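For reference, the chains in residue letters:
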Amino acid sequence: MSKTAQNMLLILVGVAVLRLTVATDEYLNYVQPGLHYLLAAAGVVVVVLGATGLWTEWGKPRTVAPSEPDQGEGHGGHDHGHRGPRVAWLLGLPVLAIFLVAPPALGSFTAARAAPRSAPAIPPPSDGYPALPAGDPVKLSIGEFIGRSFDAQAGTANTLNGHRITLTGFAMTSKEGGWYLTRLHIACCAADAIPMQIIVRGVAQPPKETWVEVTGTWIPPTPKTSGTGIHEMQATSLRPIKKPAHSYE
């Protein structure tokens, strides 16, 4: 791979990043929304680096060594140019894949494989979780529901009793009865994704990976589940929904 080809590949990588961050919202499949502008800026930098390299390479005068006046780069089966191995062209395949088939957001396959390291409670605000706002039902993220459930199980505060809660996630099969309402949590990017799961009881499980809104009430822990990190909801209604643009929490 010549230096010209390397710089062109850099430009393609930068354009692919800009396509994901500026032309579409597909970057949400890979990183948190807060990284949007940093990722776009990185794409611009990569394009500029590639373009600068091309400009420099094309501006160089072409000279021929005196000892090899008529030999081309491939003379005698030897390559006298500054080229890398041809296998380096395979580096272009991931870039081509991004243009043609951008990988989707992580889903049930990742959640199933990562289940042994299910997400712990997201740390509450420094002054603890406030009382839930008025309204019926109250919409919560799965992470906040788990955090409030942990507090109640630990005896710190019980802010879930007496409220109907609406949660959003995708369905997965549970081995403990009921089924899992699942959402993947990422701290930075999809590489650190871990699942957050609620056991739903009271309504039939929808097809696997179906995105749903579930409304119901928190099930206080029994001696069997207290302190185990198991969090349950008694559902009263379920509504299939379209997969959110940002599927992570």
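Please read all numbers here as calculations on a predicted model, not as lab measurements. (Residues numbered from 1 in each chain as written. Predicted model: local features only at pLDDT ≥ 70, side-chain atom pairs only at ≥ 80, totals over all residues. Heavy atoms only, no water.)

**A few points about helix 5 (residues 142–154)**
Right, so step 1: A rise of 1.5 Å per residue sets the reference length of helix 5, with its 13 residues, at 18 Å; its end C-alpha atoms lie 18 Å apart and thus fit the reference within 8%.
Right, so step 2: Counting buried positions over the 13 residues of helix 5 gives ten, a clear majority of the element.
Right, so step 3: For helix 5, the complete set of buried residues consists of Ile142, Gly143, Phe145, Ile146, Gly147, Arg148, Ser149, Asp151, Ala152 and Gln153.
Right, so step 4: Turning to helix 5, the residues buried within the fold contact strand 2 (165–173), strand 3 (179–185), strand 4 (194–201), strand 5 (211–219) and strand 6 (232–240).
Right, so step 5: Just downstream of helix 5, glycine 155 is the residue with a positive phi angle, here 80°. (Helix = DSSP H or I, 4+ residues; strand = E, 2+ residues; numbered from the N terminus. Expected span 1.5 Å × (residues − 1). Buried < 20%, exposed > 50% of the residue type's maximum accessible area, 1.4 Å probe, protein only. Contact = heavy atoms within 4.5 Å.)

**Regarding the side chain of arginine 183**
Right, so step 1: Secondary-structure assignment places arginine 183 in strand 3.
Right, so step 2: Take arginine 183: its relative accessible area is 10%, and that puts it in the buried class.
Right, so step 3: Among the polar contacts listed, one links the side chain of arginine 183 to the backbone oxygen of threonine 168, at a separation of 3.3 Å. (Polar contact = N/O pair within 3.5 Å; in protein donor to acceptor, adjacent residues only side chain to side chain.)

**Topic: the environment of tyrosine 30**
Right, so step 1: Looking at where tyrosine 30 falls in the secondary structure, it is placed in the loop between helix 1 (3–23) and helix 2 (36–59).
Right, so step 2: Judged by relative accessible area, which is 21%, tyrosine 30 ranks as partly exposed.
Right, so step 3: Separated by ten residues in sequence, tyrosine 30 and leucine 20 place their C-alpha atoms 9.9 Å apart.

**Notes on the confidence of the model for the protein**
Right, so step 1: With 80% of its residues at a pLDDT of 70 or more, the protein shows a mean pLDDT of 81.
Right, so step 2: Put simply, helix 3 (residues 92–100) is where the protein has its lowest mean pLDDT, 70, and strand 5 is where it has its highest, 97.
Right, so step 3: Taken as a whole, residues 76–81 scores under 50 in pLDDT and shows eight contacts with residues more than four places along the chain or in a different chain. (pLDDT = per-residue confidence, 0-100.)

**Here's the deal with empty space enclosed by the protein**
Right, so step 1: The full count for this structure, using the stated rule, is one cavity of 30 Å³ or more.
Right, so step 2: Its boundaries defined by the atoms lining it, the largest cavity holds a volume of some 40 Å³.
Right, so step 3: Residue lining of the largest cavity: ten residues in total, with Gln153, Ile219, Pro221, Ile230 and Glu232 positioned closest to the centre.
Right, so step 4: Looking at the lining of the largest cavity, the elements that each hand over two or more residues are helix 5 and strand 5. (1 Å grid on protein atoms, 1.4 Å probe; cavity = no way out; pocket = protein on both sides within 12 Å on 5 of 7 lines; lining within 4 Å. Points joined across faces, edges and corners; volume = space filled by probe spheres on them.)

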